[in-house]
Amino acid sequence: MKKFVKWLAVFAVLATCFGCKAFRTLSDQRVTAQGAPYELIVVCDQPEWQGALGDTLRSILTEPVAGLNQREPHFDVLRVLPSGFENLVTRHRNILKVLVDPSVKEPVTAVQYDLYAQPQIVLTLEGPTQASLVSYLDEHRAELLYVLEKAER
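Report on the accompanying structure. (Residues numbered from 1 in each chain as written. Predicted model: local features only at pLDDT ≥ 70, side-chain atom pairs only at ≥ 80, totals over all residues. Heavy atoms only, no water.)

## A short note on the nonpolar core
Ranked by size, the top nonpolar core spans 21 residues in total, and within it V42, L57, L61, L96, V98 and L148 carry the most contacts. Residues V80, F85, I95 and V122 belong to the second largest nonpolar core, which totals six residues. (Core = buried A, V, L, I, M, F, W, Y, C linked by side-chain atoms within 4.5 Å. Buried < 20%, exposed > 50% of the residue type's maximum accessible area, 1.4 Å probe, protein only.)

## Points about the packing of aromatic side chains
Applying the stated criterion across every chain, the model contains two aromatic pairs. Here the aromatic rings of Y38 and F75 are separated by 5.6 Å at their centres, their planes lie at 40 degrees, and the arrangement is tilted. Taken together, the residues span a long stretch of sequence, with Y38 in the loop between α2 (21–28) and β1 (39–43) and F75 in the loop between α4 (52–61) and β2 (76–80) at a distance of 37 residues. With 6.0 Å between their ring centres and 75 degrees between their planes, F85 and Y116 make a pair best called edge-to-face. On the criterion of sequence distance, the pair formed by F85 in the loop between β2 and β3 (94–100) and Y116 in the loop between β4 (108–113) and β5 (121–127) is long-range, its members being 31 residues apart. (Phe/Tyr/Trp six-rings, centres within 6.5 Å; stacked < 30°, edge-to-face > 60°. Helix = DSSP H or I, 4+ residues; strand = E, 2+ residues; numbered from the N terminus.)

## Digging into the sheet that holds β1
Consider a sheet: its strands pair through backbone hydrogen bonds, and that pairing is either parallel or antiparallel. Taken together, the five strands give an open sheet; going across it, the order is β2-β1-β3-β5-β4, and neighbouring strands pair in mixed fashion. Since the sheet does not close on itself, it has two edges, and those belong to β2 and β4, each with one partner. In this sheet, adjacent strand axes meet at a mean angle of 20 degrees when their direction is disregarded. Note: β1 against β3, three bridges, orientation parallel. Along β3, the bridge assignment pairs I41 with I95. Here α4 sits on the sheet and contacts β1, β2 and β3; the angle it forms with β3, its principal contact strand, is near 155 degrees. (Pairing = 2+ DSSP bridges. Axes fitted to C-alpha atoms, helices over the stretch in contact; angles between N-to-C directions. Contact = heavy atoms within 4.5 Å.)

## Thoughts on the environment of P64
Here P64 is to be found in the loop between α4 and β2. Residues P64 and H74 lie 10 residues apart in sequence; the distance between their C-alpha atoms is 6.0 Å. Not counting chain neighbours up to four residues away, the residues in contact with P64 comprise R71, E72, P73 and H74.

## Thoughts on the packing of α4 against helix α6 (residues 141–152)
Axis separation between α4 and α6 bottoms out at 10 Å; the angle between their running directions is 55 degrees. By the angle between their directions, the pair α4 and α6 is classed as oblique. Judged by the sense of rotation from one axis to the other, the crossing of α4 with α6 is right-handed. On α6, the residues touching S59, I60 and L61 of α4 are R141, L144, L145 and L148. (Parallel < 35°, antiparallel > 145°, perpendicular 65-115°, else oblique. Left-handed = near helix turned anticlockwise from the far one by under 90°.)

Any functional reading would require information that these geometric values do not contain.
Encoded structure:
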């Protein structure tokens, strides 16, 4: 009878440990995102950043906020090379990846939330040429700012 009670007690403790949601969520927790509010990391190669594509991105993202009595940009933009996009940089709260790939038919933007950390937004801007991405950004600049601002709020 004593063995039965001991086994029952061990089974009850194990069932409590594995059945409790708190023990499962401790290992499933996401990393908290880093970075200041309204700070954006742009992952982009050097030729794109120094060309017309980089100029267009900087003009959109650092455009002054309307209605303020002093000049304040929408975002503080930091650029990282794709080779440097690892470890702590991936945990930033706002990330914009720029990819120029000739195999892509037309420019497109993909949005992912909480990919590496939480809360986080990762935008991937992909197109066949720099010129096509520049024209795409000119057409969709309001949507780009809207998505990033909504993620911040």
